[in-house]
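Now for the letters of each chain:
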Amino acid sequence: MSTTGTIPADAFSLRSPFGRRAIGLSVAAAVGGFLFGFDSSVINGAVDSISGNFELNSVLTGFVVAVALLGCAVGAIIAGGLSDRWGRLKTMMLGSVMFLVSSIGSGLTFSVPDLIVWRVIGGIGIGIASVVAPAYIAEIAPRQIRGSLASLQQLAITLGIFAALLSDALLAGVAGGASEQLWWGMEAWRWMFLVGVIPAAVYGLLAFVMPESPRYLLAKGRNDEAREIFARLVPEADLDKSVNEIRTAIEEDRKNKGASLRGPVLGLQGIVWVGIILSTFQQFVGINVIFYYSTTLWKAVGFDESNSLLISVITSVTNVVVTLIAIWLVDRVGRKPILLTGSVLMTLSLATMALAFAFAENVDGEPTLPGAWGPIALIAANLFVVGFGASWGPLVWVLLGEIFPSRIRGKALGVAAAAQWVANFLITVSFPAMSAWSLPLTYGMYALFAALSFAYVAWRVPETKGMELEQTETLFVRKAKEPARR
């Protein structure tokens, strides 16, 4: 039997007591991902009503939808410093409070400027959660199941998307339309935002009952508390070894406290650019166009608002299922093969969507797909979601938690997450204007980025399955140095 020191490897399986405890804590931390997914898609059912209510043009509509992502970038940048200073749990609580306030403010909004402010506040909270959650999971997860547990962040995002789209569909259905009044004289689209109070409160309550990260406690000299938590996560025979390894890592980090992200590759270390580029590709394939604007997209295919919302819910369920498949495969098949397969499927499906919309007809100022092109676009969009959800969605988060050297992990993860939010913002804010100009070229551009993502992974990303965090970073460092030796 293979072992970890003197400990059987299966002691850390998902079925073992230690594995189950790690899963429980990871699930609780990943609720931050649920908030992101919820906020990402709750706007889907409300965007047309907001645009009509406040008489917005396509550019301003795109900005209102996307502006939360700028807040996410800010939150991602400040999260590392806050979590090191206050601890992981207090930082999670801050994120939950900001999202709760944002949900209430957005639901009660009376103008575009104040709606923008509330969405930025919520974005900052989500950006904080997007960094703290994977860091917390990485610090409590045994390496044998680290990939699966890290993937829970993306699973939570997909569940948040599903919950938002389902609640949008139910609220619009009860009211008879997103713009119709529901309860207390408020339109259904306002209640779509207010529902966000529930997951925000759950996240905050979980942060009250979760144990603090053992690594953070050891860094603060709270050794007894750290050992008590570790005793529930690793076998007793492995306890001292685990604690000593983290102490050694902390001391090493202190020696490198002033470590900078600066390097010879356009001002940054090469490994930081790997994280930035992976994050950028994850968004530049246009996935959030599906989750932010899919209701509008399905109307173009020929469905009314009610059926468009229903199809969006079905798409989100597909996203959840394929993410579960990715979680099951990531520590069996490996990161690289799954990413490459996903890139191929995304490229083909996006190219098909571009071709379908090349045959669109203009009816009452809106694109409509004639004949078989409507169903073809519908199938292609869902295949795109399958390709993304089973690969680039969860696996980029896994790699971001693995590839950075410990001395810069917090800073680098913050920069990579911020790049992801900025890329998401650029795609989201540009889609309404670009789609009004040319949908075939818009989807063609996303297909091109999907093809480029295949080339980049094949060229630059090594396999990290089953390796210690310290080992994974050396793969990328060696790769970066090889050209200089020639």
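As a reminder, the structure under discussion sits directly above these lines.
These figures come from a predicted structure and were not determined experimentally. (Residues numbered from 1 in each chain as written. Predicted model: local features only at pLDDT ≥ 70, side-chain atom pairs only at ≥ 80, totals over all residues. Heavy atoms only, no water.)

**Quick look at the overall build of the chain**
Then comes step 1: Counting secondary structure elements, the chain contains 21 helices and 4 strands.
Then comes step 2: Across the 486 residues of the chain, 58% fall into the buried class.
Then comes step 3: Across the chain, the fraction of contacts at a sequence separation of at least 24, relative to all contacts at a separation of at least 6, is 78%.
Then comes step 4: Carbon and sulfur atoms form 66% of the exposed surface of the chain, whose accessible area is close to 19300 Å². (Helix = DSSP H or I, 4+ residues; strand = E, 2+ residues; numbered from the N terminus. Buried < 20%, exposed > 50% of the residue type's maximum accessible area, 1.4 Å probe, protein only. Contact = heavy atoms within 4.5 Å. Areas by Shrake-Rupley, 256 points an atom, 1.4 Å probe, with all protein chains shown as cover.)

**Considering the pattern of salt bridges**
Then comes step 1: Per the counting criterion, the structure on display carries 2 salt bridges.
Then comes step 2: We note a salt bridge from Arg 222 to Glu 225, for which the minimum N-O separation is 3.0 Å. (Salt bridge = Lys/Arg side-chain N within 4 Å of Asp/Glu carboxyl O.)

**Let's talk about the nonpolar core**
Here is a general trend for soluble globular proteins: nonpolar side chains tend to be buried in one another's company.
Then comes step 1: Among the nonpolar cores identified, the biggest contains 128 residues, and Ile 50, Met 92, Trp 392, Trp 421 and Tyr 443 are the most heavily contacted of them.
Then comes step 2: No other element matches helix H5 (residues 112–140), which puts 12 residues into this core.
Then comes step 3: Beyond its immediate chain neighbours, meaning those up to four positions away, Trp 392 contacts Leu 278, Phe 281, Gln 282, Leu 339, Ser 343, Met 346, Gly 387, Ser 453 and Val 457.
Then comes step 4: In this structure, Leu 217, Leu 218, Ala 226 and Val 243 belong to the second largest nonpolar core, which totals 9 residues. (Core = buried A, V, L, I, M, F, W, Y, C linked by side-chain atoms within 4.5 Å.)

**Looking at the packing of aromatic side chains**
Then comes step 1: Inspection of the entire model under this criterion finds 13 aromatic pairs.
Then comes step 2: An aromatic cluster is defined as three or more aromatic residues linked by ring pairs; in this entry it consists of Phe 281, Trp 392, Tyr 456 and Trp 459. (Phe/Tyr/Trp six-rings, centres within 6.5 Å; stacked < 30°, edge-to-face > 60°.)

**Description of helix H11 (residues 223–230)**
Then comes step 1: Within H11, the full set of buried residues consists of Ala 226, Ile 229 and Phe 230. In an axial view of H11, the angular spread of the buried residues amounts to 100°, which keeps them on one side of the axis. For H11, exposure combined with an orientation more than 90 degrees from the buried face picks out Asp 224 and Glu 228. (Arc of directions from axis to C-beta.)

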